[in-house]
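# Chain and residue survey
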Amino acid sequence: MRLFIAEKPSLGRAIAENLGKGQKKDGYISLNGGNDIVTWCFGHILSQYEPENYDASYKKWNWEQLPIIPNEWKLYVSSDAKKQFNIIKDLVKKADTIVNAGDPDREGQLLIDEVLEYLGNKKPVQRILLNALDEKSVKHALGDLRDNRDFVGLRDSARARSQADWLVGMNLSRAYSLKSRSAGYGAIRVGRVQTPTLALVVRREDEIQHFKPTTHYVVNVIWKHENGLIPTVWKMPEGLDGLDAEGRLLKKEIAEGLLAKVEATANHGNGASITSVERKEKQENQRLPYSLSTLQVDAGRKYGYSPQQVLDTMQSLYEKKLTTYPRSDCEYLPTNQLSDAPAILKNLTKITDDEFQALLSKADTSIQSRCWNDKKISAHHALIPTTVSPSYDGLSEIEQRMYLLVAKAYLAQFFPVHKYLATKIIISCGDNTFAASGKTVTDMGWRAIYQKDHSEKDEDDNASLPQVGDGDSVNYQDGKVLEKVTTPPKRFTEASLLQAMKEIAKYVKDKDLAAKLRSCKGIGTEATRASIIEGLKKGGFVSLEKGKMVPTKQGRLAISLLPDSVTYPDLTARWEAELDEVSEGSLSLDIFRDHQISGIIDLIDKAKNLKLKPNSDLPTCPNCGKPMFRRKGSKGYFWGCSGYPNCRTTFPDKNGKPDTTARKSARTGKTATCPKCGKKLNQINGKFGLFWACEDKENCKAHFPDKDNKPVIIKCPECGEGYMLRAESSKKKGTYFWYCSARCGAKSVWDKNGLPDFKK
């Protein structure tokens, strides 16, 4: 029997539909008389151990535990996936051959491989790579099954990233939380990708807050040629008085003097003439189809959609078999899919958009753009429509918009290249030089698809210029001094932040590293960037104000406390580059992990030596003077002393502040001996009156009722182990009963004068 294990049910169903006639069972589909079985996971059905799962002592955070490095990495079956896991387990036992049908990326590879490893599978495993769920793609993939051993590097890179995330999150979150709490701040969550991403937002906000506008001046002159007007800009000579370090002219009087001089001399004597004309025929190749991130950026700019909305929508279209695998970082297509173009373009006639249909009729399938490149394909290819005909009007608005964006990018591959004539003109007037540039489109080509998206500014920047020649005379027509003011950098939107994560080389601290990082795919992956941005919002580190990302006080605090080596993307980008090496097989998983452990140990030492000023904004503990924190317990928020466990002072929360007026349990000073452990019993004046409690709250935890300022110590007559405790009846207020502390099953007895009435 051949067993296919898919990453999720939708993928499993698509495979089953193309294997033959099937019969649905509980958690799988049986096909071809039971010779083929298709089952599925629900994403990751195995989870990594938490530190406390390795050792219960890790439940309490302290410096002595760090670093936490598992000797053997362990996984457990997620509670909500146990039923499906057991189904897979039974099917693996019966199988002769197994096919890994995870998504065609490193996470999909690991997701199935780790289940098989967990089960101790020794049977042969094949790999199916599915970039789309339409019938043609699935049948092609079924006919091209690979040896799963060829993807060991892909699996190891996913495992390396998962373990690196764990090491960073568990160790550095604890280290910097311990340090920050000691100074009266809250917990600090550190993430391998999340923290540098947050730092981008925080640093951008700092730039905006500290920005000082600069007023500078530009001289524009319009020259009259016999064939038309030529708008130009004065080219300021190097070393000109009044230029700042950025080459901006800060002195208005110099600009005005220059313009006055030109006005006075340009139309007299030698006047002004054209000293250089440069014309070049240029072309712009067809834009590439979308990867997930480029689609997220465009959809964010055009419609304001968040990266997560785009990913969710593309996943929906993928599961409807209308578009290919969404979590792709590739913008190229395999040449064997070029033959699908006529069918796909025919399906696009279902798009109810008149403008698009007019463009679609001009598509030329004989054109082969640069996107058709087998050497650029890895585990998956660009996002394109499939050969399945869409029911376009039945899609939601966001689905229609995303499908149309993907369709336009695909259509562009069958339009000619965009051609234009680029012109540069230099005009000299005395010692001064003026420059003009223009663009004349000779063949709109594929840009016709996006013509409506052009802004007026684009048209101004590409103004047409008259036909002129070297040495032609020109006359001064008009001129003005423009006053300009520099503006602060723009806040990130979700789309531009995602783009910054991908283009992380622009934001490295070590500029020498930038060249090396240009080939890196950024921080995060196509599959995780959207969720990282969502996590920053949900975690209260950033907020959205009019669609712009603004760091909260909590977000600013986190970045201010962490060292540059954690908040800058240099280290994270290096990790991503190394993960690519692991995937390619040029770097082993063990060496990668050793690199991370060494770095984490160094960062823990830095956290220990970090000097922080106490947080002056927090209330102080009345017993020890240390700051108090607002924490969330099982019964809601409360305030606890940061000096815990040495100081155990707590207060209820009242409107976000500690309620120091609330009644607290207090010792009366009376003591007795605990019958359970032999240690001291203290009489406590609590919320419901007097009671007695053992001083050993960690191990013994014994407590007893009070009668006449003495503990009532009566062993259970049934089991002889537990002690009788007194409680008020929930059905009849003011009536009390007694029960065994060991819950041995003995019947409760009623209270009589503060003691159990065993006679009843």
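Each remark here, short or long, concerns the structure printed above.
Attention here is on the structure that accompanies the text. (Residues numbered from 1 in each chain as written. Predicted model: local features only at pLDDT ≥ 70, side-chain atom pairs only at ≥ 80, totals over all residues. Heavy atoms only, no water.)

### Some points on the pairing of strand 13 (residues 418-429)
As judged from the 12 bridges shared by strand 12 (residues 272-284) and strand 13, these two strands associate in the antiparallel manner. Its bridge partner lying in strand 13, Glu281 is registered against Leu421. Both strand 13 and strand 14 (residues 432-443) contribute to a ladder of 11 bridges, which runs antiparallel. If you follow Ile426 over to strand 14, its bridge partner there is Ala435. (Pairing = 2+ DSSP bridges. Helix = DSSP H or I, 4+ residues; strand = E, 2+ residues; numbered from the N terminus.)

### What about unusual backbone geometry?
Cis rather than trans, the peptide bond between Leu66 and Pro67 has omega equal to 0 degrees. Tracing the backbone through its elements, the reader meets Pro67 in the loop between helix 2 (51-54) and strand 6 (75-77). Its identity as a non-glycine residue notwithstanding, Lys701 has a phi of 60 degrees, on the positive side. Here Lys701 shows up in the loop between strand 24 (689-694) and strand 25 (703-707).

### Considering the nonpolar core
One finds Leu172, Tyr176, Ile188, Val190, Leu198, Leu497 and Phe592 to be the most contacted residues of the largest nonpolar core, which totals 50 residues. Counting residues per element, the ones that place at least two in this core are helix 6 (152-182), helix 7 (194-209), helix 15 (494-502), helix 17 (529-538), helix 18 (553-561), helix 20 (569-584) and helix 21 (589-608). Among the elements that take part in this core, helix 6 stands out by supplying 9 residues, more than any other. Residues within four places of Leu198 in sequence aside, it is in contact with Leu536, Phe541, Val542, Gly555, Ala558 and Ile559. Among the nonpolar cores identified, the runner-up in size contains 44 residues, and Leu322, Leu348, Met402 and Val406 belong to it. (Core = buried A, V, L, I, M, F, W, Y, C linked by side-chain atoms within 4.5 Å. Buried < 20%, exposed > 50% of the residue type's maximum accessible area, 1.4 Å probe, protein only. Contact = heavy atoms within 4.5 Å.)

### A few points about the pattern of salt bridges
Two side chains carrying opposite charge are able to pair once their charged atoms lie near each other. One pass over the full model with this rule turns up 35 salt bridges. A salt bridge links Asp36 to Arg2, with the shortest nitrogen-to-oxygen separation between them at 2.8 Å. Of the two residues, Asp36 is situated in strand 4 (residues 36-40) and Arg2 in strand 1 (residues 2-6); the sequence distance between them amounts to 34 residues. According to the relative accessible area criterion, Arg2 is partly exposed, its value standing at 25%. Ionic pairing is found between Lys320 and Glu399, a salt bridge with its closest N-O pair at 2.9 Å. Of this pair, Lys320 sits in the loop between helix 10 (307-319) and helix 11 (341-347) while Glu399 is found in helix 13 (residues 397-411), placing the two residues 79 residues apart along the sequence. Classification of Lys320 as partly exposed rests on a relative accessible area of 41%. Look at the salt bridges and you will find they share partners, linking Glu117, Arg155, Asp156 and Arg159 into a network. (Salt bridge = Lys/Arg side-chain N within 4 Å of Asp/Glu carboxyl O.)

### Looking at the pairing of strand 17 (residues 548-551)
As defined by bridge partners, strand 16 (residues 542-545) adjoins strand 17 across 4 bridges and the pair is classed as antiparallel. Bridge assignment links Val542 to a residue of strand 17, and that residue is Pro551. Remark: 2 residues form the turn of the hairpin made by strand 16 and strand 17, two consecutive strands paired antiparallel; Lys546 in that turn has positive phi of roughly 55 degrees.

### Some details on the sheet that holds strand 21 (residues 657-658)
Taken in spatial order, the 4 strands line up as 18-19-20-21 in an open sheet, and their pairing is antiparallel. Edge strands, defined here as strands with exactly one partner in the open sheet, are strand 18 (628-633) and strand 21. Strand direction decides the pairing type here: strand 19 (residues 636-641) and strand 20 (residues 650-654), joined by 3 bridges, are antiparallel. Across the sheet, Phe638 pairs through a bridge with Pro652, a residue of strand 20.

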